[in-house]
Amino acid sequence: MDKSKIKNFIILLLALVNLFLLFIVVSDAIEQRKAENLRIQALTTVLTDNGITLNPDIRLPENIPATLSLIRDKSAEKSSLSALIGNCTVKNQGGNIYFYTGSDGQAKIRGTGEFEILLNSGVFGLGKGPVSTAKSALEKLNIGYGDIEPIIEKDGENTKVTLFCSWDGTTIYNAKITFLFTSDYLILISGTKPLDTEYSVQSSENYPDSVTVLMNFLESVRSTGYVCSEINDIKIEYNMFSAVSGLCTLKPVWCISTNTGIYYIDAQTGKAENLESAP
């Protein structure tokens, strides 16, 4: 057998091996999908038997974000502020509170992430609208914004927009920022933001999956007497809390929207939570 035939035979053999491996991968994926569909069908049946319907358009989340600890980084904080109010000078006011002064405004930021930014008149125009302008301001501050619908309030010539922060694409339901516009300019930004830098990461690999969480939800509904007849949406958001100034934790939480309100399940434990500050 000449070299060209040997070469062609090896190429054909490798192609067949790749096809075989692809077949195995696709078969496994199909079987996993079938198993997941059966679990969801069984779950839907159990919920229906208990008087709760599951919106057929719901897509159950597959990935659970990690639990994160964030730390304050004053260098990053100053750099982000400088993009909005100009090159800053900073003064330590004690209690982990820092006051920044720039050519276009001033800011006070606490170690818990609470802050206020006062912009000089005429510095930040309305642009394409209050929501778009608010998002642009967050981008300058290097703060992500979540997918919760913005809250817009109007009072005469003043407009107030509230956006929810996010971290790596996951909304933080209790970190929200309000933007106050007067006439055609943004004048005040205030609220609570996540701290600047990841300090530690706790993997969510072994956290309960969506089906387990919903079964826990049903069990909790039975035991507490919570009344609902339909689950309209299911998503995972972060709950941010700070036990020590300069440090905060982002904990993933399942948000189960029902026809009577939102029910919260700790993503790590699968247990129900009472999150009174949630929107």
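Residues numbered from 1 in each chain as written. Predicted model: local features only at pLDDT ≥ 70, side-chain atom pairs only at ≥ 80, totals over all residues. Heavy atoms only, no water.

S.K.: Outline the overall build of the protein, supporting the account with residue identities and numerical values.
M.R.: Each helix and strand counted, the protein has 4 helices and 17 strands in total. A separation of at least 24 residues holds for 58% of the contacts in the protein among residues at least 6 apart in sequence. Entry remark: accessible area of the protein is about 15600 Å², with carbon and sulfur atoms responsible for 53%. (Helix = DSSP H or I, 4+ residues; strand = E, 2+ residues; numbered from the N terminus. Contact = heavy atoms within 4.5 Å. Areas by Shrake-Rupley, 256 points an atom, 1.4 Å probe, with all protein chains shown as cover.)

S.K.: Summarise a nonpolar patch on the surface; cite the residues concerned and give the values.
M.R.: A surface patch of nonpolar side chains, about 300 Å² in accessible area, is lined by Tyr 199, Val 244 and Leu 247. By the secondary structure assignment, Val 244 is in the loop between strand 14 (230–241) and strand 15 (247–258). In this structure Val 244 comes out as partly exposed when scored by relative accessible area, which is 48%. (Patch = residues over 30% accessible without salt bridge, like charges linked within 9 Å, V, L, I, M, F, W, Y side chains within 5 Å. Salt bridge = Lys/Arg side-chain N within 4 Å of Asp/Glu carboxyl O. Buried < 20%, exposed > 50% of the residue type's maximum accessible area, 1.4 Å probe, protein only.)

S.K.: Tell me about the layout of surface pockets, and name the residues and values.
M.R.: Roughly 240 Å³ of internal volume is contained in the second largest pocket. Lining the second largest pocket are 17 residues, with Ser 80, Leu 141, Asn 142, Ile 143 and Asp 196 sitting closest to its centre. Within the residue set of the lining of the second largest pocket, elements represented by two or more residues are helix 2 (74–85), strand 6 (114–119) and strand 10 (158–167). The element contributing the most residues to the lining of the second largest pocket is helix 2, with 4 residues. The residue makeup of the lining of the second largest pocket, split by class, is 10 nonpolar, 4 polar and 3 charged. (1 Å grid on protein atoms, 1.4 Å probe; cavity = no way out; pocket = protein on both sides within 12 Å on 5 of 7 lines; lining within 4 Å. Points joined across faces, edges and corners; volume = space filled by probe spheres on them. Nonpolar A, V, L, I, M, F, W, Y, C, P; charged D, E, K, R; others polar.)

S.K.: Please provide a residue-by-residue account of the packing of aromatic side chains, values included.
M.R.: Counted under the stated rule, the structure contains 3 aromatic pairs. Ring plane angle 80° and centroid distance 5.1 Å describe the contact between Phe 217 and Tyr 263, whose orientation is recorded as edge-to-face. With a gap of 46 residues between them, Phe 217 in helix 4 (residues 210–224) and Tyr 263 in strand 16 (residues 261–266) connect regions that are remote in the sequence. For the residue pair Phe 217 and Tyr 263, the accessibility class agrees, reading buried in each case. Aromatic rings pair up to connect Phe 217, Tyr 226 and Tyr 263 into one cluster. (Phe/Tyr/Trp six-rings, centres within 6.5 Å; stacked < 30°, edge-to-face > 60°.)

S.K.: Residues and numbers for the pairing of strand 3 (residues 89–94), please.
M.R.: Pairing of strand 3 with strand 4 (residues 97–102), which is carried by 5 bridges, proceeds in the antiparallel orientation. Residue Gly 94 lies in a different strand from strand 4, and its bridge partner there is Ile 97. Following strand 3, the chain reverses through 2 residues before pairing antiparallel with strand 4; Gly 95 in that reversal takes a positive phi of roughly 65°. (Pairing = 2+ DSSP bridges.)

S.K.: Give a description of the pattern of salt bridges that names residues and reports values.
M.R.: Under the definition given, this model contains 5 salt bridges. As a salt-bridge pair, Arg 110 and Glu 116 come within 2.9 Å of each other at their nearest N and O atoms. On the accessibility criterion, Glu 116 (31% relative accessible area) is partly exposed. Notably, a salt bridge pairs Asp 266 with Lys 251, separated by 3.4 Å at the nearest N-O pair. Here Asp 266, found in strand 16, pairs with Lys 251, found in strand 15; they are 15 residues apart in sequence, far enough to count as distant. Accessibility classification places Asp 266 together with Lys 251 in one group, the buried group.

S.K.: Just give me the short version of the nonpolar core, but keep the residues and values in it.
M.R.: Within the largest apolar cluster, 36 residues are counted, with the highest numbers of intra-cluster contacts made by Leu 84, Ile 117, Phe 179 and Ile 189. Among the elements that take part in this core, strand 11 (residues 170–182) stands out by supplying 5 residues, more than any other. Setting aside anything within four residues of it in sequence, one finds Ile 117 in contact with Leu 81, Leu 84, Ile 85, Gln 106, Ala 107, Leu 141, Ile 187, Leu 188 and Ile 189. Ranked by size, the runner-up nonpolar core spans 23 residues in total, among them Ile 52, Tyr 207, Phe 217 and Trp 254. (Core = buried A, V, L, I, M, F, W, Y, C linked by side-chain atoms within 4.5 Å.)

S.K.: How would you summarise the pairing of strand 10 if you had to cite specific residues and measurements?
M.R.: Two faces, one strand: in a regular strand the side chains alternate between the faces of the sheet. The buried fraction of strand 10 is high, at 8 of 10 residues. Sheet topology note: the strand 8 (residues 144–145)/strand 10 ladder contains 2 bridges and is antiparallel. Note that in strand 10 the partner of Gly 144 across the bridge is Ser 166. Bridge analysis of strand 10 against strand 11 gives 9 bridges, and the strand direction is antiparallel. By the bridge assignment, Phe 164 is partnered in strand 11 with Lys 176.

S.K.: So what about the environment of Ile 58? Which residues, and what values?
M.R.: As for its position among the elements, Ile 58 is in the loop between strand 1 (53–54) and strand 2 (67–71). Taking the relative accessible area as the measure of exposure, Ile 58 reaches 15% and is therefore buried. Put simply, Ile 58 and Asp 233 are 175 residues apart on the chain and 6.0 Å apart in space, counted from C-alpha to C-alpha. Discounting residues that sit within four places of it in the chain, Ile 58 has contacts with Ile 231, Asn 232, Asp 233 and Ile 234.

S.K.: Tell me about the side chain of Glu 237, and please be specific about residues and values.
M.R.: Mapped onto the elements of the fold, Glu 237 is located in strand 14. Assessed through its relative accessible area of 4%, Glu 237 is described here as buried. A distance of 3.5 Å separates polar atoms of two side chains, one belonging to Glu 237 and the other to Lys 235. (Polar contact = N/O pair within 3.5 Å; in protein donor to acceptor, adjacent residues only side chain to side chain.)

No statement about biological role is implied by the geometric values presented.
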